[in-house]
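Below are the chains, spelled out letter by letter.
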Amino acid sequence: RCEVSTEAPQFSSTSGYGDLLVLVLPPGPPIIRGGQQEYSPGDFVQLNCTSYNSKPAPDLIWYINENKADPSYVVQHPVVTSKETGLHNATSSLYLTLGERHFNSKGEISISCTASIKLINWRNAAKTLAEKKP
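Residues numbered from 1 in each chain as written. Predicted model: local features only at pLDDT ≥ 70, side-chain atom pairs only at ≥ 80, totals over all residues. Heavy atoms only, no water.

Caption draft 1: Layout of the overall build of the protein chain. For the protein chain, the helix and strand inventory stands at zero helices and twelve strands. Secondary structure elements of the protein chain occur, N-terminal to C-terminal, as β-β-β-β-β-β-β-β-β-β-β-β. Expressed as a percentage of its 134 residues, the buried residues of the protein chain come to 31%. Residue pairs in contact within the protein chain that sit at least 24 positions apart in sequence constitute 59% of those at least 6 positions apart. (Helix = DSSP H or I, 4+ residues; strand = E, 2+ residues; numbered from the N terminus. Buried < 20%, exposed > 50% of the residue type's maximum accessible area, 1.4 Å probe, protein only. Contact = heavy atoms within 4.5 Å.)

Pasting the structure below:
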């Protein structure tokens, strides 16, 4: 049973029965770790994206230059649940050999990771990498 009350001065309330889903959103955007500041075509990129302390665990989605990353580049790791809080940490890795097509006309590549819980696109993190100059 759930009861909802309004604030003063009337304090009216209503109650009812039903399912209640409680979400605990991550305290911040996911964190991208790894990588270098500069890359060249042919270089291998390995990045990790982690979202901390949420319930349920979010889905982590990688984007390369604002396009969803090919699933063959992505490894989702098992969700880790805190015994103390019951909250979840989710981690995903991106493994990619860069080609010329990945760089824009400025010699940059943008890689981002979005944490999504159900239909809520909650937060994202992005990393811009520059092409090595000869």
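Caption draft 2: View of the packing of aromatic side chains. Under the defined criterion, the tally for this structure stands at one aromatic pair. Ring centres of Phe 44 and Tyr 95 lie 6.3 Å apart, and the angle between their planes is 20°; this geometry places the pair in the stacked category. Of this pair, Phe 44 sits in strand 5 (residues 44-54) while Tyr 95 sits in strand 10 (residues 88-97), and the two are 51 residues apart along the sequence. For Phe 44, a relative accessible area of 47% puts it in the partly exposed group. (Phe/Tyr/Trp six-rings, centres within 6.5 Å; stacked < 30°, edge-to-face > 60°.)

Caption draft 3: The arrangement of the state of the cysteines in detail. Tallied over the full model, the rule gives one disulfide. Disulfide pairing places Cys 49 opposite Cys 113 at an S-S distance of 2.0 Å. Judged by the sign of its S-S torsion, about -85°, the cystine formed by Cys 49 and Cys 113 is left-handed. With a gap of 64 residues between them, Cys 49 in strand 5 and Cys 113 in strand 11 (residues 108-117) connect regions that are remote in the sequence. Accessibility classification places Cys 49 together with Cys 113 in one group, the buried group. (Disulfide = S-S within 2.5 Å.)

Caption draft 4: Spatial organisation of the nonpolar core. Of all hydrophobic cores here, the largest spans 19 residues; its most connected members are Trp 62, Leu 98 and Ile 111. Looking at this core, the element that brings in the most residues is strand 11, giving four residues. (Core = buried A, V, L, I, M, F, W, Y, C linked by side-chain atoms within 4.5 Å.)

Caption draft 5: The arrangement of the side chain of Ser 92 in detail. As for its position among the elements, Ser 92 is in strand 10. For Ser 92, a relative accessible area of 0% translates into the label buried. A distance of 3.4 Å separates a polar atom in the side chain of Ser 92 from a polar atom in the side chain of Gln 76. Apart from the residues lying within four places of it in its own chain, the contact partners of Ser 92 are Leu 47, Asn 48, Cys 49, Leu 60, Trp 62, Val 74, Val 75, Gln 76 and His 77. (Polar contact = N/O pair within 3.5 Å; in protein donor to acceptor, adjacent residues only side chain to side chain.)

Caption draft 6: Just the pairing of strand 10, in detail. Two strands pair when backbone bridges link them, and strand 5 and strand 10 are joined in this way by nine bridges, in the antiparallel orientation. Looking at the pairing, Ser 51 lines up with Ala 90 of strand 10. One ladder, built from two bridges, connects strand 9 (residues 80-81) with strand 10; its direction is antiparallel. What sits directly across from Thr 81, in strand 10, is His 88. In this structure, the hairpin formed by strand 9 and strand 10 is closed by a connection of six residues, where Gly 86 is found at a positive phi of approximately 75°. (Pairing = 2+ DSSP bridges.)

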